[in-house]
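# A closer look at the structure
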Amino acid sequence: MQTCRELGINTVGVYSTADRDSLHVRYADEAVCIGPPLGKDSYLNIPRIIAAAEITNADAIHPGYGFLAENADFAEVCSSSGIKFIGPQAEMIRKMGDKNTARETVIAAGVPVVPGSEGLISDVKDAQVTAEKIGFPIIIKPTAGGGGKGMRVVNEAGQLEKALATAQNEAQQAFGNSGVYFEKFIETPRHVEIQVLSDQHGNTMHLGERDCTIQRRHQKLIEETPSPVVNEELRTRMGDAAVAAAAAINYEGAGTIEFLLDKNGDFYFMEMNTRIQVEHPVTEERYSVDLVKEQILVAAGETIAGYVFSPKGHAIECRINAEDPAHSFRPSPGELQVFHTPGGYGVRVDSHGYASYRVPPNYDSLIAKLVVHADTREEAIERMLRALDEFIVAGIKTTIPFHKKLLETEEFKKGKYDTGFLDNSGFTVS
Ligand code: MV4
């Protein structure tokens, strides 16, 4: 909505009854209530959203980064209703949404993947033979999953039969699809993803990487660019691989190719996110680009041919969540009695909150993205610590104390951390 205001495009916000007071409702030129809090009755209800678009005469829908943002059926209904879905075509979402199909698609495009099964594994015999060939430990992944949901590590042959059955059952329960595939389990990797942008004319480019290794139970907490462990040579190789993956499906829009980076500096395709992501602002800061504006322009048929970026400095995002880091990050909804956001040179806050706003208990706990940009990583860390000190929230618990402590650790300062850091290192906030 902020971008549209600058572009002279009028906006309609949709909201559930739990979100009446959210800032997106006030930023919109018009707002339509689409139902009660439960997703199926509002934000996941395709007919209600299409109805809201039709009564307001909307030309296009920006799906954001949750709910229906990667729902191929929704993209298809938009298209057949004459509404431009700001994102890729339904077929592209479908191909990348099925993780085994995505894997096969990028293999054909020459993108490196972790050694694994050829296709889905259904029977125990096939599982044993394939796992022995790959070598333990292996990881069983649901093809309809993503973001780490429903994955299982198997350390030895004796555990395989039971693990396979459990994984298939859980996949069926969670996704309505029991399909699973195997990969060699990479120990303590880093999560490094590449931002791509494609237009409708066959042009694809990448905008470098984001290091999203600081996660807790598959929830990212800090993202930064550039990655402390990616040099120009590696960036070029990962960027080329990401562009090849997007080009393989004739991609359109902004997308992210997720890679695992192992201790030896080898990288492997994990999955593609066919949406703008929460952490896109760090790329915006380093590349001086409004990625949402680019999404809208390519959706309108503009070309990206001739785009040249001059990345500069270092950007870090801390996710400020309504959670209590001293109590296992349990949700902490409620009124923002005080909400003083930091500012000053190189500091950006994206939020739907304000003082007196009540964070509802219904949805994701993210209440603000605190993003800093500086010339160097060291200065960015100092700037972030300064901004975290200025950020005052009262009435609820937030992840601010967690970030203050984490940014002071030697591991973070040196950039020497991996995906096991939060879940296994014993790092806590009291
Ligand atoms: C893996 C892996 C190790 N080996 N695949 C989790 C999220 C999903 N996108 C990929 N995930 C993983 N896939 C192989 N073959 C370890 C993870 C993983 C992980 C990856 C990135 C960041 C944090 C993670 C935490 C646990 C597991």
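As the structure is a computational prediction, the values presented were derived from the model and not from experiment.

## Considerations on the overall build of the protein
Tallying secondary structure elements over the protein gives 15 helices and 21 strands in all. Projected onto its principal axes, the C-alpha positions of the protein cover 60 × 55 × 45 Å. Burial status across the protein gives 52% buried among its 430 residues. Long-range pairs, those at least 24 residues apart, make up 63% of the contacts in the protein between residues at least 6 apart in sequence.

## Observations regarding the pairing of strand β5 (residues 138-142)
Taken across its five residues, β5 has five buried, putting it largely inside the fold. Judged by which residues are buried, β5 turns out to be covered on both faces: I138, I140 and P142 on one side and I139 and K141 on the other are all buried.

## With respect to the site of the ligand
For the ligand, the set of nearby residues contains 18 residues, the closest of which are K141, E183, K184, I186 and E258. One nitrogen or oxygen atom from the main chain of I186 is found 2.9 Å from a nitrogen atom belonging to the ligand. Protein contact buries 91% of the 520 Å² of open area that the ligand shows by itself. Secondary structure elements with two or more residues in the shell around the ligand: β5, β7 (180-184), β11 (253-261) and β12 (267-273).

## What to know about the domain arrangement of the protein
Parsing the protein into structural domains produces domain 1 (2-93), domain 2 (115-184) and domain 3 (190-424). Taken over C-alpha atoms, the centre of domain 1 sits 23 Å from the centre of domain 3. On the domain 3 side, the residues contacting the 27 residues of domain 1 number 27 residues. Counting each side, the surface lost to burial between domain 1 and domain 3 is near 2200 Å², with a carbon and sulfur contribution of 60%. Summed over the three residues of domain 1 that lose the most area to domain 3, namely Y65, E70 and M92, the buried surface amounts to 28% of that side. Summed over the shared surface of domain 1 and domain 3, the number is two salt bridges. Summed over the shared surface of domain 1 and domain 3, the number is twelve residue pairs in polar contact (both at pLDDT 80 or more). Among the elements of the structure, α1 (2-7), α2 (23-27) and α5 (90-97) are those that each provide at least two residues to the side of domain 1 that touches domain 3. In terms of residue count, the dominant contributor to the side of domain 1 that touches domain 3 is α1 (three residues). Split by residue class, the side of domain 1 that touches domain 3 holds 14 nonpolar, eight polar and five charged.

## Observations regarding the state of the cysteines
This model, assessed by the stated rule, comprises zero disulfides. Here C4 stays free of any disulfide, with the sulfur of C78 as its closest cysteine sulfur at 15 Å. Using a relative accessible area of 12% as the deciding quantity, one classes C4 as buried. Cysteine C318 is unpaired, with the sulfur of C212 as its nearest cysteine sulfur at 13 Å.

The rules we used
- Residues numbered from 1 in each chain as written.
- Predicted model: local features only at pLDDT ≥ 70, side-chain atom pairs only at ≥ 80, totals over all residues.
- Heavy atoms only, no water.
- Helix = DSSP H or I, 4+ residues; strand = E, 2+ residues; numbered from the N terminus.
- Buried < 20%, exposed > 50% of the residue type's maximum accessible area, 1.4 Å probe, protein only.
- Contact = heavy atoms within 4.5 Å.
- Near = heavy atom within 4 Å.
- Polar contact = N/O pair within 3.5 Å; in protein donor to acceptor, adjacent residues only side chain to side chain.
- Areas by Shrake-Rupley, 256 points an atom, 1.4 Å probe, with all protein chains shown as cover.
- Domains from an automatic or database assignment.
- Buried area = accessible area lost by both parts, 1.4 Å probe.
- Salt bridge = Lys/Arg side-chain N within 4 Å of Asp/Glu carboxyl O.
- Nonpolar A, V, L, I, M, F, W, Y, C, P; charged D, E, K, R; others polar.
- Disulfide = S-S within 2.5 Å.

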